[in-house]
Amino acid sequence: MPASRNRGRRGRARKRRPSAASPAQGAAAQEAAGAAPIATGQAPGASGKRRRDRPRGAAERERGAGGFRGASTLGERPRPPWYPLPLSELLILVGAIGTFVGLSRGVSHGGPALFAGLAAVMIGTIEVTLREHLSGYRSHTLILALLPTIAFHSLVALGVAAFTHVPSWLNVALLLIDGGLFAFLFKLLRARFVDARRERTFTGRS
């Protein structure tokens, strides 16, 4: 009986040894985990702070000079050769006033003012959109491809109507030509804008 008791005590003592050593091992593991960021020169939680600071820094760079001002603009608005005179804006304003005066007087009496106002508004608008598009500041591909197409269709229709009645087949043929012309101008203007935007981005970064 004494021998069996001694064997039971030795078995219990052997089973208690790993449990007694486990706190020491856990403390050593915690010390090693805490020393790892110190050895690398980073405090605990520094990686999380850096991840939170990256979007904030990127937003500040975008709001700075030369960064994105919006979803479709890049950098500063291009200046016209006649800067600081706002010639295009004045043309649009005067054209809008002339258009309003022509419409109020009627087509019979206010026809010249109406057409002059529309021409002034169109010239000013085309100058602004073309300058912004070719410089890569903002894309106006749709309107710049649509305006020449409308002008071509109108000139052909009015030229034919001045001499004879416009047949129905001519309108169908003009629509097909308009579609091809619009697609060609859209592709050309889009490629030109992409090149200008790439050049503007490279210049801003350099």
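Residues numbered from 1 in each chain as written. Predicted model: local features only at pLDDT ≥ 70, side-chain atom pairs only at ≥ 80, totals over all residues. Heavy atoms only, no water.

K.L.:
Requested: an account of the environment of serine 104, with residues and values cited.
P.N.:
Considering the arrangement of structural elements, one finds serine 104 in helix α3 (residues 87-105). With a relative accessible area of 54%, serine 104 lands in the exposed category. In sequence terms serine 104 and leucine 114 are ten residues apart; their C-alpha atoms lie 9.4 Å from each other. A polar contact of 2.7 Å, which involves the side chain of serine 104, links it to the backbone oxygen of valine 101. (Helix = DSSP H or I, 4+ residues; strand = E, 2+ residues; numbered from the N terminus. Buried < 20%, exposed > 50% of the residue type's maximum accessible area, 1.4 Å probe, protein only. Polar contact = N/O pair within 3.5 Å; in protein donor to acceptor, adjacent residues only side chain to side chain.)

K.L.:
I'd like to hear about the pattern of salt bridges, residue by residue, with values.
P.N.:
Under the counting rule described, the total for this entry stands at three salt bridges. A salt bridge links arginine 77 to glutamate 132; the nearest nitrogen and oxygen atoms lie 2.1 Å apart. Here the residue arginine 77 occupies a position in the loop between α2 (46-63) and α3, and glutamate 132 occupies one in helix α4 (residues 107-134), the gap between them amounting to 55 residues. The exposure class assigned to arginine 77 is partly exposed, which follows from its relative accessible area of 43%. Classification of glutamate 132 by relative accessible area gives buried; the value is 2%. In this structure, aspartate 195 and arginine 198 form a salt bridge, with 3.2 Å as the shortest nitrogen-oxygen distance. One end of the pair is aspartate 195 and the other is arginine 198, both in helix α6 (residues 168-205) and three residues apart, which spans about a single turn. Judged by its relative accessible area of 52%, arginine 198 is exposed. (Salt bridge = Lys/Arg side-chain N within 4 Å of Asp/Glu carboxyl O.)

K.L.:
Outline a nonpolar patch on the surface, listing residues and values.
P.N.:
The grouping of Leu85, Leu87, Leu90, Leu91, Leu93, Ile97 and Ile123 at the surface amounts to a nonpolar patch, some 610 Å² of accessible area in total. In terms of residue count, the dominant contributor to the nonpolar patch is α3 (five residues). Mapped onto the fold, isoleucine 97 is located in helix α3. (Patch = residues over 30% accessible without salt bridge, like charges linked within 9 Å, V, L, I, M, F, W, Y side chains within 5 Å. Areas by Shrake-Rupley, 256 points an atom, 1.4 Å probe, with all protein chains shown as cover.)

K.L.:
Before we move on, could you go through α3 and cite the residues and values that matter?
P.N.:
Between the first and last C-alpha of α3 there are 27 Å, a value that for 19 residues agrees with the 27 Å anticipated at 1.5 Å per step. When α3 is considered as a whole, its buried residues turn out to be Ser88, Gly95, Gly98, Thr99 and Gly102. Along α3, the residues classed as buried sweep out an arc of 105° about the axis, all on the same side. Within α3, the exposed residues directed more than 90 degrees away from the buried face are Val94, Phe100 and Ser104. Downstream of α3 by a residue or two, glycine 106 has a phi angle that is positive, lying close to 95°. (Expected span 1.5 Å × (residues − 1). Arc of directions from axis to C-beta.)

K.L.:
Got a sec to walk through the packing of aromatic side chains? Specific residues and values, please.
P.N.:
Evaluation of the coordinates by the stated rule reveals one aromatic pair. Ring centres of phenylalanine 182 and phenylalanine 186 lie 6.0 Å apart, and the angle between their planes is 35°; on these two criteria the pair is classed as tilted. Residue phenylalanine 182 and its partner phenylalanine 186 are located together in helix α6, separated by four residues, close to a single helical turn. For phenylalanine 182, a relative accessible area of 25% corresponds to the partly exposed category. (Phe/Tyr/Trp six-rings, centres within 6.5 Å; stacked < 30°, edge-to-face > 60°.)

K.L.:
With reference to specific residues and values, describe the confidence of the model for the protein chain.
P.N.:
Per-residue confidence for the protein chain gives a mean pLDDT of 73; residues scoring 70 or more make up 64%. Below a pLDDT of 50 lies the segment residues 35-44, which in the model reaches four contacts outside its immediate sequence neighbourhood of four places, other chains included. (pLDDT = per-residue confidence, 0-100. Contact = heavy atoms within 4.5 Å.)

K.L.:
Any chance you could break down the side chain of histidine 133 for me, citing the residues and the numbers?
P.N.:
Counting through the fold element by element, histidine 133 comes out in helix α4. We classify histidine 133 as buried; its relative accessible area is 0%. Polar contacts involving the side chain of histidine 133 include one to the main-chain amide nitrogen of histidine 140, which spans 3.0 Å. Dropping the residues within four chain positions of it, histidine 133 is found in contact with Arg138, Ser139, His140, Thr141, Leu144, Leu189, Phe193 and Ala196.

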